[in-house]
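The primary structure of each chain is shown beneath.
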Amino acid sequence: MHKKLFIPGPTEVSHDVLIAQAREPMIGHRMKAFSDLYHRIVTTLEEIFATKSHAMVFTSSATGVMEGTLRNVVNKNYLSTVNGAFSERWFKIGLVNGKEGEKIEVDWGKAIKPEMVADALKKKHYEAVLVTYNETSTGVMNPLKDIAEVVHDLSPDTLVLVDAVSALGGAPVDIDGWGVDVILASVQKCFALPPGLTVAFVSDKALEKAKNVENRGYYFDFLLMMKYWETRNFQTPATPAISLMWALDHQLQKMKAETLEKRYERHAEMAQMARNWARERFALFAEPGYESLTVTTVVNTRNVDIVKLNEELGRRGFAISNGYGKLKNQTFRIGHMGDLTTGDLKSLLANIDEIIGA
Ligand SMILES: *Cc1c(COP(=O)(O)O)cnc(C)c1O
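Residues numbered from 1 in each chain as written. Predicted model: local features only at pLDDT ≥ 70, side-chain atom pairs only at ≥ 80, totals over all residues. Heavy atoms only, no water.

1. Considerations on the overall build of the protein
Condition: Secondary structure elements are taken from DSSP: a helix is a run of H or I of four residues or more, a strand is a run of E of two residues or more, and numbering for both begins at the N terminus. For the radius of gyration, the atoms used are the C-alpha atoms, and the globule rule reads 2.2 Å times the number of residues raised to 0.38. Summary of the burial criterion: residues with accessible area below 20% of their type's maximum are buried, those above 50% are exposed, and those between are partly exposed, where the area comes from a 1.4 Å probe applied to protein chains only. Per-residue and other accessible areas follow the Shrake-Rupley method at a 1.4 Å probe size, with only the shown protein chains counted as cover for residues. Neither His nor the chain termini are counted; the positive set is Lys and Arg, and the negative set is Asp and Glu. Think of each charge as sitting on NZ of Lys, CZ of Arg, CG of Asp or CD of Glu.
Summing up its helical and strand segments, the protein has 13 helices and 15 strands in all. Against the compact-globule benchmark of 21 Å for 358 residues, the protein has a radius of gyration of 20 Å, which places it among compact chains. Its C-alpha atoms give the protein principal-axis dimensions of about 60 × 55 × 35 Å. Taken across its 358 residues, the protein has 59% of its residues classed as buried. Taken as a whole, the protein presents about 14,300 Å² of accessible surface, with 52% of it coming from carbon and sulfur. Here the protein carries 42 positive and 44 negative side-chain charges, and the mean point of each set is 4 Å from the other.

2. Re the domain arrangement of the protein
In many analyses, interface size is given as the accessible surface area lost on bringing the parts together. Worth spelling out the cut-off: What counts as a domain boundary in this text is fixed by an automatic or database domain assignment. It only takes one pair of heavy atoms within 4.5 Å for two residues to be counted as in contact. For any pair of parts, buried area is found by adding up, for both, the accessible area (1.4 Å probe) each one loses once the two are put together. Whenever a carboxyl oxygen of Asp or Glu lies within 4 Å of a side-chain nitrogen of Lys or Arg, that contact is scored as a salt bridge. Think of a polar contact as two N or O atoms within 3.5 Å of one another; within protein, one of them needs to be a possible hydrogen donor and the other a possible acceptor, and neighboring residues in sequence only count if both atoms come from side chains.
What the domain assignment lists for the protein is domain 1 (4-11 + 259-356) and domain 2 (17-257). Averaged C-alpha coordinates put domain 1 and domain 2 at centres separated by 26 Å. The interface is formed by 26 residues belonging to domain 1 together with 34 residues belonging to domain 2. The largest contributions to the domain 1 side of the interface with domain 2 come from Tyr264, Tyr290 and Tyr324, which together make up 24% of the buried area. Where domain 1 touches domain 2, the interface holds 1 salt bridge. For Glu287, the salt bridge identified is with Lys113, shortest N-O distance 2.8 Å. The tally of links between domain 1 and domain 2 comes to 19 residue pairs in polar contact (both at pLDDT 80 or more). Secondary structure elements with two or more residues in the side of domain 1 that touches domain 2: α11 (260-281) and β12 (295-299).

3. Quick notes on helix α6 (residues 144-154)
We apply this condition: For this quantity, the arc is that covered by the directions from the helix axis to the C-beta atoms.
Every buried residue of α6 is accounted for by Leu144, Ile147, Ala148, Val150 and Val151. Buried residues of α6 fall within an arc of 160° about the axis and therefore sit on the same side. Of the surrounding elements, those touching the buried residues of α6 are α5 (114-123), β5 (128-132), β8 (159-163) and α7 (175-178).

4. Points about the environment of Ser155
Tracing the chain through its elements places Ser155 in the loop between α6 and β8. For the pair Ser155 and Lys124, spaced 31 residues apart in sequence, the C-alpha separation works out to 9.7 Å.

5. Quick word on the packing of aromatic side chains
Quick reminder of the rule: The aromatic pairing rule takes the rings of Phe, Tyr and Trp, using the six-membered ring of Trp, and pairs them if the centres are within 6.5 Å, calling planes under 30 degrees apart stacked, those over 60 edge-to-face and the rest tilted. Criterion for a charge above a ring: Arg CZ or Lys NZ at most 6 Å from the ring centre, at most 35 degrees from the ring normal.
Summed over the entire model, instances satisfying the criterion amount to 15 aromatic pairs. With a centroid separation of 5.8 Å and 10° between ring planes, the pair formed by Phe34 and Tyr38 is classed as stacked. Of this pair, Phe34 and Tyr38 both sit in helix α2 (residues 32-48), 4 residues apart, which is roughly one turn of the helix. Judged by relative accessible area, Phe34 falls into the buried class, the value being 0%. Residue Tyr38 is classed as buried on the basis of its relative accessible area of 2%. Here the aromatic residues Phe34, Tyr38, Trp229 and Phe234 are joined through ring pairs into a cluster of three or more. Looking at Lys189, its charged tip hangs above the ring of Phe86, at a distance of 5.3 Å from the centre. Its end group placed over the ring of Tyr228, Arg232 keeps NZ or CZ at 4.5 Å from the ring centre.

6. Remarks on the environment of Met337
Among the structural elements, Met337 can be located in the loop between β15 (331-335) and α13 (342-356). Among the residues examined, Met337 registers a relative accessible area of 0% and is labelled buried. A C-alpha to C-alpha distance of 34 Å links Met337 and Lys32, two positions 305 residues apart in sequence. Each residue touching Met337, except ones within four places of it in the same chain, is listed here: Pro8, Thr11, Ser166, Lys189, Cys190, His267, Met270, Thr294 and Val295.

7. Let's talk about the site of the ligand
Counted only if it meets this: One heavy atom within 4 Å of a molecule or strand makes the whole residue count as near it. Three classes are used, and their members are as follows: Ala, Val, Leu, Ile, Met, Phe, Trp, Tyr, Cys and Pro are nonpolar, Asp, Glu, Lys and Arg are charged, and the others, Gly among them, are polar.
The environment of the ligand is formed by 15 residues, the closest being Ser61, Thr63, Thr136, Asp163 and Lys189. For the ligand, an oxygen atom lies 2.9 Å from a polar atom in the backbone of Ala62. Residue Thr63 places a side-chain N or O atom 2.6 Å away from an oxygen atom belonging to the ligand. Protein coverage of the free-state accessible area of the ligand, which is 380 Å², stands at 90%. Ranked by the residues each element gives to the shell around the ligand, the list is headed by helix α3 (residues 62-73), at 3 residues. Tallied by class, the residues present in the shell around the ligand amount to 4 nonpolar, 8 polar and 3 charged.

This is the structure we're talking about:
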């Protein structure tokens, strides 16, 4: 039996989206049919997210583009804001690429505050500040808008780079209004697509910076992506995952029809439902006021055997996630993003209640 995915990625993929991958016979990426497809995807992304930044789609999971972003726009130093496993990953990616990374770090479950970033920027200049909008390992959302504002106030030339993997399409973001220079998300989270693609929005400011950065690499080179877009008839430098792009194209039309506002509302309603449920039976892991809109991390105050719980849920056609890394068994995570509805979540929670006798 299929287990409906309430894990924080990959998320449940609707049947019509799965089928959309096979909508057309294979086409060549140097054919007009591909140019038309990619052009529609990019322009729809820019339209839906209402931004002047340049949308790009990479055939890679997000981690590749996290690496590519640092290679593209950081010559030397960057400041990471770390409050969980994914923000720590991005910090390390810069280091292994020979950049000088420094980090502000808070305990897992806590959020990064704008004042912390302000303090660091007053002491030293950084080329970029890295923010993980939604820390999927802990279920904490960082106050991206306020952090970006502090960066722009104190250090106008510093770029704001955002991992929005588990947020983009589910939690509100105003790319231009907040001044986000690079924001990226793989599509297997809030976009509810099969894994394999990553969407990024890159500002003119970031592209200008990239012109002065050496060793940007090849596969993720923003300037090469732009060159193929501008001078090679809306192509990509290398062969993309064309079938996945058909699915993305289909899903973007659905997202446009739903509207992002309604999508954000739906995610907020699911988050509220998950939190209320968790507060009544367990406790929330996230610092109050910073709970994630797309994944709820629940403290296992009842000492439930999470592995057994998930096995029994599996027999009933659901899957949730254990706590991440060191939080295993102490917490568990319920993902509520993508195409899931409050009705889906309600039936998951009712099943958990039955199993644990709550
Ligand atoms: C899932 C996730 C990643 C990793 O993305 P991949 O697509 O698996 O490379 C990075 N950051 C965050 C916040 C995530 O949720």
